[in-house]
Amino acid sequence: MIMNVFSTAYPFPIVLASTSSFRKHQFMTLGYPFICDSPQVNEEDLKKMYNSLPITSLALKLAEAKAESLKQKYSHYVLIGADQICHYQNITFSKPLTFDKAFEQLNVLQGKEHTLTTAVSVCYKNTVLTHVDQTHLRMRNLSEQDIHDYLQMDKPFFSAGSYMFEKNGQKLFTSVLTQDPSSIIGLPLMAYKHFCFS
């Protein structure tokens, strides 16, 4: 099947292996019908198992594991898994969950350049397509009051790195270098669209 760039028809049913509302809203912009389901993986256990891998390989492993965890349940579906790792030098940043932890993360990142490594895995039966994107973001110098005010605005306690770029988080940065802006939110849509046409 040859797809038109703006077609919303897709030859196979799609499952997005994610509970993230951000990824769900991202994927909705493509216009394809799809469903979301929770991947059957323990992400923290997988991170410990593969902690010796380079960041790009780790992100790909996690994305693949999420997609493939639903293969038995959705054997005739296209399965999409994604993962994102926020890191600075050899430090990785998990979801902060609390105000104090978020404050600590932003205090480390302010005034520096860090990286978001975002991977996507698309599985259909025995075919697996993967892609990884790296975005380099330089955060402006922030005072403690700046950090406090931002956290009160966006409450980014479930976002690795403690910011939400899609909301007020853009104001924290002086530069962003990426090949796929959609990957900043958590799902590289340009890569997925390429998979559709390949």
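In the block above lies the structure referred to throughout.
Residues numbered from 1 in each chain as written. Predicted model: local features only at pLDDT ≥ 70, side-chain atom pairs only at ≥ 80, totals over all residues. Heavy atoms only, no water.

*Asks:* Looking at this structure, I do not really get the overall build of the chain. What am I missing?
*Replies:* Across its full length, the chain holds six helices and seven strands. Starting at the N terminus, the α and β elements of the chain follow one another as β-α-β-α-α-β-β-α-β-β-α-β-α. The globule rule puts the C-alpha radius of gyration for 198 residues at 16 Å, and the 17 Å found for the chain is close to it. Considering the chain as a whole, with its 198 residues, one finds that 44% of them fall into the buried category. Of all intrachain contacts in the chain linking residues separated by at least 6 positions in sequence, the fraction that spans at least 24 positions is 67%. Averaging the positions of the 18 positive and the 17 negative side-chain charges in the chain gives two centres separated by 5 Å. (Helix = DSSP H or I, 4+ residues; strand = E, 2+ residues; numbered from the N terminus. Rg over C-alpha atoms; globule rule 2.2 N^0.38 Å. Buried < 20%, exposed > 50% of the residue type's maximum accessible area, 1.4 Å probe, protein only. Contact = heavy atoms within 4.5 Å. Lys, Arg positive; Asp, Glu negative; His and termini not counted. Charge placed at Lys NZ, Arg CZ, Asp CG, Glu CD.)

*Asks:* I tried to follow the packing of aromatic side chains on my own but got confused; where do I start?
*Replies:* Remark: the centre distance and the inter-plane angle together describe each pair of aromatic rings, the angle taken between the planes. This structure, assessed with the given rule, holds seven aromatic pairs. Ring centres of F27 and F34 lie 4.8 Å apart, and the angle between their planes is 70°; on these two criteria the pair is classed as edge-to-face. A single burial state applies to F27 and to F34, both of which are buried. On the basis of an interplanar angle of 70° and a centroid distance of 5.0 Å, the ring pair of Y74 and Y77 is categorised as edge-to-face. (Phe/Tyr/Trp six-rings, centres within 6.5 Å; stacked < 30°, edge-to-face > 60°.)

*Asks:* I keep staring at the environment of I80 and nothing clicks. Help me out?
*Replies:* Secondary-structure assignment places I80 in strand β3 (residues 78-88). For I80, a relative accessible area of 0% translates into the label buried. Each C-alpha atom, one on I80 and one on T178, is 22 Å from the other, the two residues being 98 residues apart in sequence. If sequence neighbours within four positions are ignored, I80 has contacts with I14, V15, L16, A17, F27, A67, V120, S121, V122, L187 and Y192.

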